[in-house]
Amino acid sequence: MEILVCVKRVPDTAENEIEVNGSGSDIERDDLVYSVNEWDNYAVEEAILIRDKVGGSVTVITVGDDESEEVLRREMAMGADNGLLLCDDAFAGSDGKGVATLLKAAVEKGKYDLILTGAQADDGAAQVGGMLAAMLDYPYASLVNKIEVADGKLTVGREIEGGNQEMNEIQLPCVLSIQTGINEPRYVGIRGIRKVASVEIPQQGAADLGVDAATVGAAGARVKRLDYFVPEMGEGAEMLEGSTEEIVAKLIELLKAKGGLK
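To keep things clear, this report deals only with the structure shown in the data block. As the structure is a computational prediction, the values presented were derived from the model and not from experiment. (Residues numbered from 1 in each chain as written. Predicted model: local features only at pLDDT ≥ 70, side-chain atom pairs only at ≥ 80, totals over all residues. Heavy atoms only, no water.)

Quick notes on the sheet that holds strand β10 (residues 174-178)
Okay, step 1: One open sheet holds the nine strands; their spatial order is β9-β8-β7-β10-β6-β1-β4-β5-β11, and the pairing between them is mixed. Among the strands making up the open sheet, the edge pair consists of β9 (164-171) and β11 (203-204).
Okay, step 2: With four bridges joining them, strand β1 (residues 2-6) and strand β6 (residues 114-118) adopt parallel strand pairing. The partner of Ile 3 across the bridge, within β6, is Leu 114.
Okay, step 3: Along the sheet, helix α3 (residues 96-109) makes contact with β1, β4 (57-63), β5 (82-86) and β6, crossing β4 at roughly 145°. (Pairing = 2+ DSSP bridges. Helix = DSSP H or I, 4+ residues; strand = E, 2+ residues; numbered from the N terminus. Contact = heavy atoms within 4.5 Å. Axes fitted to C-alpha atoms, helices over the stretch in contact; angles between N-to-C directions.)

In structure tokens, the structure reads:
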């Protein structure tokens, strides 16, 4: 099975103090530590597990600048076979649809049975996987936390409301957005990173992909960020004390006073 996994280089929130820049247009990105998006790491691990079971190869792909190559090498050190970097000045400022457009072009130039993405990335929109599937006219499942392969089909489990599980049969080729917890991503050591340090990772720009630069990047973005801000802090929590009956009575009075109950 030929598997393509879409990954993204994002700020590592465990290693950074995230602050909004002075203009409110973005976060401060100077001196940030970056890593692979957490959800994408689970998608790569799942792809490796499937490949090891049924054969084939795993290719990791990202849209970004030259520095994004580091997350491809990290996932190749993890066990992915190949990397592909979609890199062009024209791609800067792409919205979700723009990124999906670029990934679609790359998919159509390859021959993949299964495309995996993380459930969401750093902006939390959780839209690229669904958009990519729609553009390709492929079956799609989101929040996938279980995959079973049999007879050219997949049985996938989805996490749904209330902690319930939904099971679906899905035809290949398809696109799946992977939820965290589907597996335990393996540790990547220095030895693995050194092993792939000199491996050539091909880059493709707009011309290579056959994409009109005006349809992607900031020029083609149909969703534009207007503002970044940190919500104002509230006054804190009020702790109610007493017996259960006393606490309930106090809570009702507070809700009435705040307009929550009439």
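Alright, that's what it looks like, and here's the rest.
Looking at the packing of aromatic side chains
Aromatic rings in a pair are described by how distant their centres are and how their planes are angled relative to each other.
Okay, step 1: Evaluated as defined, the whole model comprises zero aromatic pairs.
Okay, step 2: Directly above the aromatic system of Tyr 34 lies the positively charged group of Arg 9, at a separation of 3.9 Å from the ring centroid. (Phe/Tyr/Trp six-rings, centres within 6.5 Å; stacked < 30°, edge-to-face > 60°. Lys NZ or Arg CZ within 6 Å of the ring centre and 35° of its normal.)

Observations concerning unusual backbone geometry
Okay, step 1: Omega for the bond connecting Leu 172 with Pro 173 falls within 30 degrees of zero, at -5°, which places this linkage in the cis form.
Okay, step 2: Position of Pro 173 relative to the elements: it lies in the loop between β9 and β10.
Okay, step 3: Phi is positive for Asp 31, close to 65°, though the residue is something other than glycine.
Okay, step 4: Along the chain, Asp 31 falls in the loop between β2 (9-11) and β3 (34-36).
Okay, step 5: Of note, the phi angle at Asp 137 is positive, near 60°, even though the residue is not glycine.

Remarks on the pattern of salt bridges
Okay, step 1: Applying the stated rule across the entire model yields 11 salt bridges.
Okay, step 2: Measuring nitrogen to oxygen at the nearest pair gives 3.0 Å for the salt bridge that ties Lys 104 to Glu 108. A residue pair is termed a helical-turn pair when its members lie 3 or 4 positions apart in one helix, as Lys 104 and Glu 108 do in helix α3 at four residues.
Okay, step 3: Looking at Glu 108, the relative accessible area reads 51%, which means it is exposed. (Salt bridge = Lys/Arg side-chain N within 4 Å of Asp/Glu carboxyl O. Buried < 20%, exposed > 50% of the residue type's maximum accessible area, 1.4 Å probe, protein only.)

Describing the environment of Val 188
Okay, step 1: Within the element layout of this structure, Val 188 appears in the loop between β10 and α5 (190-195).
Okay, step 2: The sequence separation of Val 188 and Met 78 amounts to 110 residues, and the corresponding C-alpha distance is 5.5 Å.
Okay, step 3: What Val 188 contacts, discounting residues up to four positions off in sequence, is Arg 74, Ala 77, Met 78 and Ile 193.

Focus on the side chain of Thr 59
Okay, step 1: For Thr 59, the location among the structural elements is in strand β4.
Okay, step 2: Separated by 3.4 Å, the side chains of Thr 59 and Asn 82 make a polar contact.
Okay, step 3: Once residues within four sequence positions are removed from consideration, Thr 59 is found in contact with Ile 3, Leu 4, Val 5, Asn 82 and Tyr 112. (Polar contact = N/O pair within 3.5 Å; in protein donor to acceptor, adjacent residues only side chain to side chain.)

Some points on α3
The periodicity of an α-helix, 3.6 residues per turn, causes residues three or four places apart in sequence to face the same way.
Okay, step 1: An ideal rise of 1.5 Å per residue puts 20 Å on 14 residues; α3 measures up with 20 Å between its terminal C-alpha atoms.
Okay, step 2: Those residues of α3 that fall on the buried side of the exposure criterion are Gly 96, Gly 98, Ala 100, Thr 101, Leu 102, Leu 103, Ala 105, Ala 106 and Val 107.
Okay, step 3: Of the surrounding elements, those touching the buried residues of α3 are β1, β4, β5, β6, α4 (128-136) and α6 (206-209). (Expected span 1.5 Å × (residues − 1).)

Describing the environment of Ile 61
Okay, step 1: Note that Ile 61 resides in strand β4.
Okay, step 2: Ile 61 gets classed as buried once you look at its relative accessible area, which sits at 1%.
Okay, step 3: Note: C-alpha distance between Ile 61 and Ala 214 (153 residues apart in sequence) is 22 Å.
Okay, step 4: In contact with Ile 61, other than residues within four places in its own chain, are Leu 4, Val 5, Cys 6, Val 7, Leu 72, Leu 84, Leu 86, Leu 103 and Ala 106.

Section: a nonpolar patch on the surface
Okay, step 1: Residues Val 248, Leu 251, Ile 252, Leu 255 and Leu 261 make up a contiguous nonpolar surface patch of about 370 Å² in total accessible area.
Okay, step 2: Note on placement: Ile 252 falls in helix α8 (residues 244-257). (Patch = residues over 30% accessible without salt bridge, like charges linked within 9 Å, V, L, I, M, F, W, Y side chains within 5 Å. Areas by Shrake-Rupley, 256 points an atom, 1.4 Å probe, with all protein chains shown as cover.)

Looking at helix α1 (residues 38-54)
Okay, step 1: When the terminal C-alpha atoms of α1 are compared, their 25 Å separation across 17 residues agrees well with the 24 Å that a helix rising 1.5 Å per residue should span.
Okay, step 2: For α1, a buried count of 12 out of 17 residues is recorded, marking the element as mostly surrounded by other parts of the structure.
Okay, step 3: For α1, the complete set of buried residues consists of Trp 39, Asp 40, Asn 41, Tyr 42, Ala 43, Val 44, Glu 45, Glu 46, Ala 47, Ile 48, Ile 50 and Arg 51.

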